[in-house]
Amino acid sequence: MTNSSRDQRIQVLKDILLRLHHGASPDSVEADFQAHFSDVSPIEVSLMEHELTNGDHGVGFEDVMKLCTVHAKVMAAGVQGKEVPDSEQEGHPVWIFKQENLALQAGLHRIQRLLDALESAESQGQDLDPGLLRGLTRQYQLLDQFQRHYRRKEELFFPIMESYGHDAPPKVMWGVDDQIRDLFGLAKEALRGLVDQTGDASVAQVLATYQAFVQEFKDMIFKEEAILIPLLLSLFSEDDWLAIAKDSPEFGYAIIQPDKEWVPSRVKFGEQEESGELAEAGRGAESSGPAGQPDQVQASGQRQPLPGADSWAGAGQGSFQASGLADGPAVNLGACSVNDPASTSTADPTANSVSNSVADSTASPAPNPEVDLPFGGGYLSLKEANLILNHLPFEITFIDKNDLFKYFNTSIAIENKLFPRVPSAIGRHVKMCHPPRSLDMVMTLIDDLKHKRRASESMWFHRSDGRFAYVTYIGVFDDQDQYMGVLEYVHDIAPLLDLGPDKRGLAPLDSDSQ
């Protein structure tokens, strides 16, 4: 595209966005958009949108979000006979990721307008409008959902990157994510001080903490879209993206709520192949590599990283200081995910033990779940034992003697869990599941429990949703005093703090109270 044609297209795009800004419907601008942009790549359109929204053109992020509907319809129609890439189809994890970034940027824009209004009032000696403060508080709460966006990135994207040999970029980006979380925590504290009129709280202080956060937050959006996503698209197979799509709802979404499931038409899972065996779904040793090409395999059986893909790893790396601003403990043993129990990072020394344990577990026939086996002081069948574990009012996680995430129970609905877990996490090494600032604490705790320097450790913290999490970690040893792993159990103790007087009888049935 020449500079002159690009300038013309930017002017057309500006006119379209301004029409949307002044109330035009997306359908009314669709024809103009298709006429000028049907042969332009989404990246180029995105760059032009970025240029317009960051200049003095009267165009806001809300207008760009409206245009996304038009753009998606044009792309979905199969522009100029070209197949629409999976990542640009509605519901694909990348599509959702980008939509969240747009929604989050729109949130930044709304917050800035409210802060500008408060700053103007303060400079003129006027009382701060309570309505503006309530609106600002609400916008901060919405923006705080970026934590869900980051968690999906860290717990679904990063482990797969590591399994392809790219373990440096996740560690660096996770560390920067935590810095951004801390900056937003400071911004929230400053806003609470202004709302509550505590100490020397001022609009200027709120602005300063917010702008410090925004600078890093916008930089991360750029890194995600210009560096991370292209790298993921070059690495991940369709099976990888399907596994991410399956687990994503368990972590939630930022501001937006996808209403369409991405279902690639050319992939059938669970169907019998000609050999009579189930089709592979995941990244096992025989699955195809990125873009349907055979994997590059090292002598160890691990995938070769693409040349130069880690070159950006050092960007933004700095010292990561832990703070008490995060809504959770520093240690969360099972907080990680991968798509395949047998997939491990090239940096993971336990890779062979993972693969061997999985292979060994499939060598013998499954036991009869109805047969009684000795458990504790009596007998249980496997079916009964599983049901009991899944009826306990705790979230249970078990890390085995090789520091591998091996088990979690499902007694609590995923939307009510304090620590969401996903099946794809099974088999992951615990050290690959934590950001740099908490990794030392995690490994120190496990080592202390393993060598009996501690018998157990408990942590507790209040959550922003009103729940009070109580977390306990226990070293597990067998009858021969051999270390078997670490048990973590978590429960909300808030209801226990307000029990009131003794209760020794039955509560009335619902039917009795009617």
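These numbers were taken from a predicted model, which means no experiment stands behind them.

A. Looking closely at the overall build of the protein chain. Counting its regular elements, the protein chain contains 13 helices and seven strands. In the protein chain, buried positions account for 43% of the 514 residues. Pairs at least 24 residues apart make up 67% of the contacts formed inside the protein chain by residues separated by at least 6 positions. Of the roughly 26,800 Å² that the protein chain leaves accessible, carbon and sulfur atoms contribute 52%.

B. Just unusual backbone geometry, in detail. Located in the positive-phi region is isoleucine 255, a residue other than glycine, with phi close to 70 degrees. By the secondary structure assignment, isoleucine 255 is in the loop between helix H10 (238–247) and helix H11 (351–361). Classification of isoleucine 255 by relative accessible area gives partly exposed; the value is 29%. Unlike most non-glycine residues, lysine 452 shows phi in positive territory, near 60 degrees. Tracing the backbone shows lysine 452 in the loop between helix H13 (436–450) and strand S5 (456–462).

C. The packing of helix H5 (residues 93–123) against helix H6 (residues 130–143), seen in detail. Running from amino to carboxyl end, H5 crosses H6 at an angle of 155 degrees, the nearest separation of the two axes being 10 Å. Between H5 and H6, the interaxial angle falls into the category roughly antiparallel. For the crossing formed where H5 meets H6, the hand is left-handed. Residue-level inspection shows Leu104, Leu108, Arg110, Ile111, Leu114, Leu115, Ala117 and Leu118 of H5 in contact with H6, the latter providing Leu132, Leu133, Gly135, Leu136, Gln139, Tyr140 and Leu143.

D. Representation of the nonpolar core in the model. Tyr140, Leu143, Tyr210, Phe213, Phe217 and Phe236 are the most contacted members of the largest nonpolar core, which has 71 residues in total. For this core, the element with the highest residue contribution is helix H9 (residues 203–235), accounting for 14 residues. Apart from the residues within four sequence positions on either side, phenylalanine 213 is in contact with Leu108, Leu143, Phe146, Ile180, Leu183 and Phe184. Listed in part, the eight residues of the second largest apolar core include Val12, Leu13, Ile16 and Phe37.

E. The arrangement of helix H7 (residues 146–163) in detail. Compared with the 26 Å implied by 1.5 Å per residue over 18 residues, the 25 Å span of H7 between its first and last C-alpha is a close match. Residue phenylalanine 157 marks the point of greatest curvature in H7, where the axis turns by about 35 degrees; the proline proline 159 follows within four residues. In the segment just after H7, glycine 165 is the residue with positive phi, at about 95 degrees.

F. Focus on a nonpolar patch on the surface. There is a patch of nonpolar side chains on the surface, built from Val371, Leu373, Phe375 and Leu382 and spanning about 280 Å² of accessible area. Looking at the secondary structure, you find phenylalanine 375 in strand S1 (residues 372–375). By relative accessible area, phenylalanine 375 is classed as partly exposed at 33%.

G. The arrangement of the pairing of S5 in detail. Where S5 meets strand S6 (residues 468–477), seven bridges bridge the pair, whose relative direction is antiparallel. Looking across to S6, one finds that serine 458 is bridged to threonine 472. Between S5 and the antiparallel strand that follows it, S6, lie five residues; glycine 466 among them carries a positive phi value of about 95 degrees.

H. The arrangement of the side chain of threonine 209 in detail. The residue threonine 209 is located in helix H9 in this model. Here threonine 209 falls in the buried class, since its relative accessible area comes to 18%.

I. Quick peek at the sheet that holds S5. Ordered in space as S4-S3-S7-S6-S5, the five strands form an open sheet in which the pairing is antiparallel. Two strands bound the open sheet, and with one partner strand each, they are strand S4 (405–408) and S5. Neighbouring strand axes in the sheet, compared pairwise and without regard to direction, differ in orientation by 15 degrees on average. Sheet topology places strand S3 (residues 395–400) next to S4; three bridges connect them, and they run antiparallel. Across the sheet, residue isoleucine 399 finds its bridge partner in S4, namely phenylalanine 405.

J. Inspection of the environment of tyrosine 407 at higher detail. Locating tyrosine 407 in the fold gives a position in strand S4. When the C-alpha atoms of tyrosine 407 and isoleucine 426 are compared, they prove to be 6.8 Å apart, with 19 residues separating the residues in sequence. Not counting the four nearest positions on each side in its chain, tyrosine 407 is found in contact with Leu389, Asn390, Ile396, Thr397, Phe398 and Ile426.

K. The pattern of salt bridges, seen in detail. Evaluated as defined, the whole model comprises 17 salt bridges. Arginine 467 is paired through a salt bridge with aspartate 465; the nearest N and O atoms lie 3.0 Å apart. Arginine 467 gets classed as buried once you look at its relative accessible area, which sits at 19%. Given the relative accessible area of 43%, aspartate 465 is considered partly exposed.

L. Fine view of the pairing of S3. Of all six residues that make up S3, six are buried, and the element is covered over most of its length. Side-chain alternation along S3 places Glu395, Thr397 and Ile399 on one buried face and Ile396, Phe398 and Asp400 on a second face that is also buried.

M. Layout of the packing of aromatic side chains. One pass over the full model with this rule turns up 19 aromatic pairs. On the basis of an interplanar angle of 50 degrees and a centroid distance of 4.8 Å, the ring pair of phenylalanine 184 and phenylalanine 213 is categorised as tilted. Taken together, the positions of phenylalanine 184 in helix H8 (residues 168–196) and phenylalanine 213 in helix H9 put the pair 29 residues apart, joining distant regions of the chain. Classification of phenylalanine 213 as buried rests on a relative accessible area of 0%.

N. Examining the environment of alanine 455 more closely. Examined against the element boundaries, alanine 455 turns out to sit in the loop between H13 and S5. Between the C-alpha atom of alanine 455 and that of isoleucine 474, which follows or precedes it by 19 residues, the distance is 6.3 Å.

O. Layout of the confidence of the model for the protein chain. Here the protein chain averages 76 in pLDDT, and 68% of its residues register 70 or above. Considering only residues more than four positions removed or in separate chains, one finds that residues 267–326, a stretch of pLDDT under 50, has 107 contacts. In the model, residues 337–362 has pLDDT below 50 throughout and makes 61 contacts with residues more than four positions away in sequence or in other chains.

Rules and cut-offs
Residues numbered from 1 in each chain as written. Predicted model: local features only at pLDDT ≥ 70, side-chain atom pairs only at ≥ 80, totals over all residues. Heavy atoms only, no water. Helix = DSSP H or I, 4+ residues; strand = E, 2+ residues; numbered from the N terminus. Buried < 20%, exposed > 50% of the residue type's maximum accessible area, 1.4 Å probe, protein only. Contact = heavy atoms within 4.5 Å. Areas by Shrake-Rupley, 256 points an atom, 1.4 Å probe, with all protein chains shown as cover. Axes fitted to C-alpha atoms, helices over the stretch in contact; angles between N-to-C directions. Parallel < 35°, antiparallel > 145°, perpendicular 65-115°, else oblique. Left-handed = near helix turned anticlockwise from the far one by under 90°. Core = buried A, V, L, I, M, F, W, Y, C linked by side-chain atoms within 4.5 Å. Expected span 1.5 Å × (residues − 1). Bend = angle between axes of the 7 residues up to and from the residue. Patch = residues over 30% accessible without salt bridge, like charges linked within 9 Å, V, L, I, M, F, W, Y side chains within 5 Å. Salt bridge = Lys/Arg side-chain N within 4 Å of Asp/Glu carboxyl O. Pairing = 2+ DSSP bridges. Phe/Tyr/Trp six-rings, centres within 6.5 Å; stacked < 30°, edge-to-face > 60°. pLDDT = per-residue confidence, 0-100.

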